[in-house]
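Spelled out from the first residue to the last, the chains are:
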Amino acid sequence: MNKFLGYRCLKCKTEYPFTQNLYTCPKDGSNLEIIIDTATIRRKYEISDIVSRNEESLWRYLPLLPVKDPGGEGTPLHMTGWTPLYSPPALRQALGLKSLWIKDEGRNPTGSFKDRASAIVIARGIEIKAEVLVTASTGNAGAALAGLSAAVAQKAVIFAPKTAPPAKIAQLLIYGSQVILVNGNYDSAFDLSVEAANQFGWYSRNTGYNPFTAEGKKTAAFEIWEQVILKENTSHKPLIVFVSVGDGNIISGIHKGFQDLLALGWLEQMPRLFGVQAEGSSAIANAYFNHSDVIVPVKADTIADSISVDLPRDGDRALHAVIDSKGTFLKVSDQMILDAIVSLGNAGIFSEPAGAAAYAGLTQAIEQGKVNADDPVVVINTGNGLKDVRAAMKAVAPAPVIEPTMLSLRELLNK
Ligand SMILES: *Cc1c(COP(=O)(O)O)cnc(C)c1O
Ligand SMILES: [Zn+2]
């Protein structure tokens with residue numbers, strides 16, 4: 001069975017057959033969406049065929065994915081996804097919410113949500129016999145491509161801004177990919193990587209460029225569907241899902257996942273998607289609040305490096321995802337992000353700034369009356385706190401240093 005029918009341009013709606021290997025629309029350069037053969041899937045599968053599989057990774061959804069099984073059993077490529085879902089009583093109480101879940105994407109093999117996209121793009125790369133995979137990245141997409149490629153001995157080239165957090169650069173190097181640091185920002189690394197891919201015939205994983213990334217990211221929607229919507233009784237109100245937004249590919253992918261489930265008749269109502277941007281990197285949220293469909297680039301400046309983007313590469317689709325799902329956007333300050341890192345940390349969940357941004361968005365939405373006590377809420381923590389300890393240390397006071405004596409200890413404790 002063909003796993004997908006073709007591509008559809010998000011702008012001019014032209015459809016292209018699956019036999020072509022496309023990144024963007026040949027007519028207008030816009031992003032493409034993968035058309036899944038939902039009619040065939042619907043005929044061949046029922047919900048129980050999916051949820052009864054004992055594959056505890058995103059590959060449990062293989063029938064709904066546009067790639068073949070890439071192999072790689074026993075490697076991190078086969079351990080991506082199926083991330084844990086927490087419901088910390090302390091956070092529920094602090095926020096006054098009856099139903100709150102945190103989905104911890106920091107538990108993916110390389111520590112971020114990006115593993116989902118990289119896994120699917122690598123599967124695609126294997127299928128089309130790509131020799132070299134390449135991506136530009138603020139760090140996480142690169143680490144994901146480098147780590148999961150290493151797992152199955154695929155060659156990877158990663159372009160990242162030289163200012164990326166050291167832990168992310170260390171990951172790239174340790175995974176053995178070819179790492180090229182660019183004296184510029186993410187946007188300049190992006191442009192260079194696309195040019196290099198075109199000239200050298202490399203297969204590009206770039207976010208908001210390769211249409212298969214959203215197909216990986218949609219698997220988080222499938223897991224939320226299975227772990228929350230099917231299991232917990234949330235049908236009294238639509239589920240609200242908080243997602244941090246940089247390029248806008250995660251929120252677009254999650255929207256696509258829920259749309260696939262609606263098309264299959266496996267989901268009753270679209271969850272509401274609340275996109276959270278940093279105040280200093282809010283090009284998509286700005287368009288939303290200006291009721292405009294034109295996304296004007298900004299000069300991005302935020303502590304949350306993973307969502308620091310001048311020109312969002314999947315902005316149109318992200319805007320559509322929020323509007324179509326009757327969600328909203330939120331803009332949070334760096335201080336709110338740091339506070340959120342501490343709140344999550346005190347519940348045992350260590351998040352990087354971009355991951356905590358989603359939680360900061362939730363606290364703001366509650367303050368603004370956009371979320372009520374009986375709304376069921378999922379917050380996605382998109383990245384592990386160990387990715388950026390420099391930022392984490394800004395959120396807390398330094399630990400005291402004492403002499404190794406009981407006297408000094410008593411003095412300190414009595415203070
Ligand atoms: C990439 C990333 C995001 C944002 O995803 P986009 O697709 O760029 O919107 C959020 N959090 C983390 C940790 C990321 O790595
Ligand atoms: Zn087009």
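Provided above is the structure to which this section pertains.
Residues numbered from 1 in each chain as written. Chains lettered and ligands numbered in written order. Predicted model: local features only at pLDDT ≥ 70, side-chain atom pairs only at ≥ 80, totals over all residues. Heavy atoms only, no water.

Tallying secondary structure elements over the chain gives 15 helices and 13 strands in all. By the compact-globule yardstick of 22 Å for 415 residues, the chain fits well, its C-alpha radius of gyration being 21 Å. By principal-axis analysis of the C-alpha atoms, the chain measures approximately 75 × 50 × 45 Å. The burial tally for the chain puts 58% of its 415 residues in the buried class. Considering only contacts in the chain between residues 6 or more positions apart, those separated by 24 or more positions represent 69%. Here the chain displays about 17,000 Å² of accessible surface, and carbon together with sulfur accounts for 53% of that area. Taking the average location of the 40 positive side-chain charges in the chain and that of its 42 negative ones, the two points are 2 Å from each other. (Helix = DSSP H or I, 4+ residues; strand = E, 2+ residues; numbered from the N terminus. Rg over C-alpha atoms; globule rule 2.2 N^0.38 Å. Buried < 20%, exposed > 50% of the residue type's maximum accessible area, 1.4 Å probe, protein only. Contact = heavy atoms within 4.5 Å. Areas by Shrake-Rupley, 256 points an atom, 1.4 Å probe, with all protein chains shown as cover. Lys, Arg positive; Asp, Glu negative; His and termini not counted. Charge placed at Lys NZ, Arg CZ, Asp CG, Glu CD.)

Taking 1.5 Å as the rise per residue, helix α5 (residues 140-151) with 12 residues should run 16 Å; its terminal C-alpha atoms sit 16 Å apart, in good agreement. In terms of residue burial, α5 counts as a mostly covered element, since 10 of its 12 residues are buried. Taken residue by residue, α5 has N140, A141, G142, A143, A144, L145, A146, G147, L148 and S149 as its buried positions. Those residues of α5 that are buried lie in contact with α4 (114-127), β6 (132-136), β7 (155-161) and α6 (166-174). A153 sits one or two positions beyond α5 and adopts a positive phi of about 55°. (Expected span 1.5 Å × (residues − 1).)

This part takes up the site of ligand 1. By nearness alone, 16 residues border ligand 1, and K114, G246, D247, G248 and T382 come closest of all. Note that a nitrogen atom of ligand 1 is positioned 2.6 Å from one of the side-chain N or O atoms of T382. Protein contact buries 98% of the 380 Å² of open area that ligand 1 shows by itself. For the shell around ligand 1, the class distribution of residues is four nonpolar, eight polar and four charged. (Near = heavy atom within 4 Å. Polar contact = N/O pair within 3.5 Å; in protein donor to acceptor, adjacent residues only side chain to side chain. Nonpolar A, V, L, I, M, F, W, Y, C, P; charged D, E, K, R; others polar.)

Burial analysis of strand β13 (residues 377-381) places five of its five residues in the buried class, which makes it a mostly covered element. Neither face of β13 is exposed, since V377, V379 and N381 on one face and V378 and I380 on the opposite face are all buried. Bridge count for strand β5 (residues 100-104) against β13 is five bridges, and the pairing is parallel. Considered in β13, the bridge of L100 is made with V377. Sheet analysis places strand β10 (residues 240-244) next to β13, joined by three bridges and oriented parallel. Paired with V241 across the bridge in β13 is V378. (Pairing = 2+ DSSP bridges.)

Turning our attention to the packing of α5 against α6. Contact geometry of α5 with α6 gives a least axis separation of 8 Å together with a crossing angle of 20°. When the axes of α5 and α6 are compared, the pair comes out roughly parallel. The two elements α5 and α6 cross, and the hand of that crossing is left-handed. Here α5 contributes N140, G142, A143 and A146 to the contact with α6, which in turn contributes K168, Q171 and L172. Counted by class, the contact of α5 with α6 contains three nonpolar, three polar and one charged residues. (Axes fitted to C-alpha atoms, helices over the stretch in contact; angles between N-to-C directions. Parallel < 35°, antiparallel > 145°, perpendicular 65-115°, else oblique. Left-handed = near helix turned anticlockwise from the far one by under 90°.)

It is worth spelling out the pattern of salt bridges at this point. Per the counting criterion, the structure on display carries 18 salt bridges. With a shortest N-O distance of 3.2 Å, R8 and E33 are connected by a salt bridge. Remark: E33 occurs in strand β3 (residues 32-36) and R8 occurs in strand β1 (residues 4-9); sequence separation between them is 25 residues. A relative accessible area of 25% means that R8 is categorised as partly exposed. (Salt bridge = Lys/Arg side-chain N within 4 Å of Asp/Glu carboxyl O.)

This part takes up the coordination of the zinc ion (ligand 2). Protein coordination at the zinc ion (ligand 2) comes from C9 (SG), C12 (SG), C25 (SG), D28 (OD) and D28 (OD), with a distance range of 2.3 to 2.6 Å. Considered as a linear motif, the donors of the zinc ion (ligand 2) on their single chain read C-x2-C-x12-C-x2-D. Here C25 lies in the loop between β2 (15-17) and β3 and C9 lies in strand β1, a separation of 16 residues in the sequence. Owing to a relative accessible area of 1%, C9 belongs among the buried residues under this scheme. (Donors = N, O, S within 2.8 Å, 3.2 Å for Na, K, Ca; no water.)

Glancing now at the environment of G327. The residue G327 is located in the loop between α11 (315-324) and β12 (328-332) in this model. Separated by 275 residues in the primary sequence, G327 and S52 place their C-alpha atoms 31 Å from one another. Sequence-distant contacts of G327, that is, excluding residues within four places in its chain, are made with R272, L273, F274, Y288 and V322.

In terms of burial, β5 is a largely internal element, five of the five residues being buried. Sheet topology places strand β4 (residues 85-86) next to β5; two bridges connect them, and they run antiparallel. Of the residues in β5, the one forming a bridge with Y86 is I102.

Let us look at the side chain of N108. Within the element layout of this structure, N108 appears in the loop between β5 and α4. N108 has contacts with T80, G81, T83, F113 and D115, leaving out every residue within four places of it along the chain.

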